[in-house]
Amino acid sequence: MLKRGSARVGLGRLAIAALLLGLDCPRAEAHLVTTGLGPVYDGVAHLALSPADLALLVVVTLLAAMRGARPGRWLLALLPSAWLAGGVLGLTLPVNPSLDWAIGLAFLLAGGLVAADRNLPLPVVSGLVTILGAFHGFLTGAALTAAPSAGLELTGEWVALIVIVTLVAGLVVSLKAFWARIVVRVVGSWIAATGLLLIGWSFRA
Amino acid sequence: MTTTSQKSVLWLALLAALATPTSAWAHLQAGEAGGFLSGVHHPISGWDHVLAMVAVGLWGAQLGAPALWLLPVTFPMVMALGAMMGLLGIPLPGVEIGIALSAMVLGTLVATEKRPPLWVAACIVGFFAIFHGHAHGTELPAGQSGLLYSAGFVMATGCLHGMGIAIGVIHRWSAGRLVLRVAGGFIAAAGVYFLVSGLA
């Protein structure tokens, strides 16, 4: 057991360390002019803070990862590749389509399949992951055409996508408890219901 | 009991946290926060909706798996279909009567602890979900973030079912079963009140 005196010395050292930490503030690099990485971080933040983008990526990940490790591994290869290809296509084409209804349809399809928890064959899961990933990437790329450093922003989003998809897929593949699978299915049903509402919203008079 | 050294560590942790501030995300996309919170608020803004959705959870808890989770999955999905009809302007007659009847019927099913086949239970819940969804769909305010409003709306509905399921856990005790049946009777009586108010 530590004596009171030695505990005080320890606390004193901790206080000095905290003081040094407080004094050693890094420079505020809010604009990242010098490094040129600003647009990359913009892309990372954009994906992480956009509920529509996150929901679609999460539900596609759930769809593949619920089928087990093998589809989960295919997901890690196919989704980022398809998304990047779609994103580059979206950047190069001079169109910025408003496709809220299609996003709603994607939510409905993927969320409905997660809720149903049907044992889909690997080619079907891979095809859906590729199509939905490319669609999402295309929308993202098309929305970035007006940005000054669109390529870097797209890169940032792509990196964030890989991290998020990998973490979510790893978590879902590792779920063994019955109730945990039910929770994933309920999340899928909520996303499907949101998709239905989004379709109605986009055609609202 | 908190000792002096623990307090010191807490103060140091606070100091360290203040020394490393994060960015202020002050500029949300237009309508985002309002849209989500409006969506969450909508299903809990009326007793008729709240009681019917809690009753779905209570009934699911009485029936046990798989109805326990199947009914709360069915309700939001079919309700969203009804809301889509409302958003698209597709008319549905007797919406308020349907909502009042939902509380009456679901409350009665809980009170009498009826155990129909699973597909019948899902059809009953789905049928009434259409009315609730349609009412919500026609009342959705314009100018909000459609996606976030919808997400908040669905999540709040799911949480009401979850509340019903959590309360329904008492079903495993004999006294709890009685309390649940009384609660079902109360919901059915409230449904009669809603029906009379709607017809008046």
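Residues numbered from 1 in each chain as written. Chains lettered and ligands numbered in written order. Predicted model: local features only at pLDDT ≥ 70, side-chain atom pairs only at ≥ 80, totals over all residues. Heavy atoms only, no water.

**Student:** For the interface of chain A and chain B, give the residues involved together with the corresponding values.
**Tutor:** On the side of chain B, 34 residues touch chain A, which itself brings 30 residues to the contact. Between chain A and chain B lies a buried interface of about 2,800 Å² when both sides are counted; carbon and sulfur atoms form 83% of it. Among the residues of chain A in contact with chain B, Trp190, Leu197 and Trp201 of chain A are the three that bury the most area, contributing 26% of the side total. At the surface where chain A touches chain B, the tally comes to zero salt bridges. Inspection of the region where chain A meets chain B yields zero residue pairs in polar contact (both at pLDDT 80 or more). Listed by contribution, the elements that provide at least two residues to the side of chain A that touches chain B are helix 1 (4-23), helix 3 (51-65) and helix 8 (178-202) of chain A. When residues of the side of chain A that touches chain B are assigned to their parent elements, the largest contribution, 15 residues, is made by helix 8 of chain A. When the residues that make up the side of chain A that touches chain B are grouped by side-chain class, the tally is 24 nonpolar, four polar and two charged. (Contact = heavy atoms within 4.5 Å. Buried area = accessible area lost by both parts, 1.4 Å probe. Salt bridge = Lys/Arg side-chain N within 4 Å of Asp/Glu carboxyl O. Polar contact = N/O pair within 3.5 Å; in protein donor to acceptor, adjacent residues only side chain to side chain. Helix = DSSP H or I, 4+ residues; strand = E, 2+ residues; numbered from the N terminus. Nonpolar A, V, L, I, M, F, W, Y, C, P; charged D, E, K, R; others polar.)

**Student:** Tell me about the layout of surface pockets, and please be specific about residues and values.
**Tutor:** Here the second largest pocket defines a volume of roughly 510 Å³. As for the second largest pocket, its lining consists of 21 residues, of which Ile182 and Val186 of chain A together with Leu68, Trp69 and Ile165 of chain B are closest to the centre. Breaking the lining of the second largest pocket down by element, the ones donating at least two residues are helix 8 of chain A together with helix 4 (67-87) and helix 7 (146-168) of chain B. When residues of the lining of the second largest pocket are assigned to their parent elements, the largest contribution, seven residues, is made by helix 8 of chain A. (1 Å grid on protein atoms, 1.4 Å probe; cavity = no way out; pocket = protein on both sides within 12 Å on 5 of 7 lines; lining within 4 Å. Points joined across faces, edges and corners; volume = space filled by probe spheres on them.)

**Student:** Talk me through the pattern of salt bridges; I want residue IDs and the actual numbers.
**Tutor:** Residue and element names in this part refer to chain A. One pass over the full model with this rule turns up four salt bridges over all chains. One salt bridge in this structure joins Arg67 and Asp117, with 3.1 Å as the shortest N-O distance. Separated by 50 residues along the polypeptide, Arg67 in the loop between helix 3 and helix 4 (69-92) and Asp117 in the loop between helix 5 (100-116) and helix 6 (122-143) bring together distant segments of the chain. Given a relative accessible area of 17%, Asp117 falls into the buried group. (Buried < 20%, exposed > 50% of the residue type's maximum accessible area, 1.4 Å probe, protein only.)

**Student:** Outline the side chain of Ser150 of chain B, listing residues and values.
**Tutor:** Within the secondary structure, Ser150 of chain B sits in helix 7. If we skip the residues at most four places from it in the chain, Ser150 of chain B touches Thr194, Leu197, Leu198 and Trp201 of chain A.

**Student:** So what's going on with the packing of aromatic side chains? Residues and values would help.
**Tutor:** What characterises a pair of aromatic rings is the spacing of the ring centres plus the angle enclosed by the ring planes. Residue and element names in this part refer to chain B. According to the stated counting rule, one finds five aromatic pairs over all chains in the structure shown. Here the aromatic rings of Tyr149 and Phe153 are separated by 6.3 Å at their centres, their planes lie at 25°, and the arrangement is stacked. Placement of both Tyr149 and Phe153 in helix 7 is noted, with a separation of four residues, approximately one turn of the helix. Assessed through its relative accessible area of 1%, Tyr149 is described here as buried. (Phe/Tyr/Trp six-rings, centres within 6.5 Å; stacked < 30°, edge-to-face > 60°.)

**Student:** Outline empty space enclosed by the protein, listing residues and values.
**Tutor:** All names here are of chain A. Following the criterion strictly, the structure yields one cavity of 30 Å³ or more and no others. Taken as a whole, the largest cavity encloses approximately 30 Å³ of empty space. For the largest cavity, the full set of lining residues is Ala64, Pro71, Trp74, Leu75, Leu78, Leu122, Val125, Ser126 and Val129. For the lining of the largest cavity, the elements supplying multiple residues, two or more each, are helix 4 and helix 6. The residue makeup of the lining of the largest cavity, split by class, is eight nonpolar, one polar and no charged.

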